[in-house]
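# Results of the structural survey
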Amino acid sequence: VRLVGRRTGHLLGVFPTPSDLLAFGDAYDGARLVTGGRGVLRVWETTPVPELATRVEGQGRAFALLAPDGRRILAGSETGGVVLRSLDPSGEPPTEVPVQAPADGVFAPDGRWFAVRDQGGIVIGGQPGEPFVRINSSNGTPASLAIADGLIAIGTAGGVFVGTTEGDRLVARMQLPDDQMAMAVALDPASREVAVGTNVGPYVCALDSPGTPRSLEERPSMSVAYSPEGRWLAVGGVDGLVALRER
């Protein structure tokens, strides 16, 4: 695994991970990196030099995420389980997340919430001891999800649904033309806008005036992301190119 600076693009370090690497993720400040392989998770300190900090034995991992502060791991196994685990030895015990055949997960930028996508919908979790919330999907397995500032966006075949992380209110519903698949979604709570990447192209839509999203271009897009300050929207296409759009 090669660690590259978010802003400079410079190579910061190379981590000697085993050949069974299945998943990896990093904390938002870049100070920690987690890698997942068959039967073990490894947490690395990235500065001043790459160094193995923690080794966690367990099931094989399908995905591995670090919370933004680098203190918790959300790990999904190939056998169907998801565990939320503290890296603090005196922290809360591991928590099983009630999911079915997990696909992936995501932490909110502030670490307050996390969500896991499975074959039936989305499971949302918060702080230790808080109940989990399930949002079932009527359009089959959700294809994508994003979470930020108390909102969660769920992309499916034909549309995107935006609700609260408490699962008690639908904020917006956007219909995609011709039942396109929402392969990626991103939220910008400051401007109350959602971006969607589909098998036809990227779209954007205001949460306060939902309906049919506005098309940006016809280029199949597998990833979308807003910059932290909301000035830029990045769109990654299946052609291998990333387009940066100033908003």
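Residues numbered from 1 in each chain as written. Predicted model: local features only at pLDDT ≥ 70, side-chain atom pairs only at ≥ 80, totals over all residues. Heavy atoms only, no water.

Taken in spatial order, the four strands line up as β15-β16-β17-β18 in an open sheet, and their pairing is antiparallel. The open sheet has two edge strands with one neighbour each: β15 (144-148) and β18 (170-175). For this sheet, the mean angle separating the axes of adjacent strands, direction not counted, is 10°. Alignment of β15 against strand β16 (residues 151-156), held across five bridges, turns out to be antiparallel. Bridging across to β16, A148 finds its partner in L151. (Pairing = 2+ DSSP bridges. Helix = DSSP H or I, 4+ residues; strand = E, 2+ residues; numbered from the N terminus. Axes fitted to C-alpha atoms, helices over the stretch in contact; angles between N-to-C directions.)

Following the criterion strictly, the structure yields ten salt bridges and no others. Of the charged contacts in the structure, one is a salt bridge between R117 and D104, with a shortest N-O distance of 3.0 Å. A residue pair is termed long-range when its members are at least 10 positions apart, and R117 in strand β12 (residues 114-117) and D104 in strand β11 (residues 104-107) qualify at 13 residues. Between D208 and R192 there is a salt bridge, with the nearest N and O atoms lying 2.9 Å from each other. (Salt bridge = Lys/Arg side-chain N within 4 Å of Asp/Glu carboxyl O.)

Let us look at the side chain of D118. Looking at the secondary structure, you find D118 in the loop between β12 and β13 (121-125). Within the local environment of D118, its side chain forms a polar contact with the backbone nitrogen of G121, the two atoms lying 2.9 Å apart. Of note is the side chain of D118, whose polar atom sits 2.5 Å from the side chain of R134. (Polar contact = N/O pair within 3.5 Å; in protein donor to acceptor, adjacent residues only side chain to side chain.)

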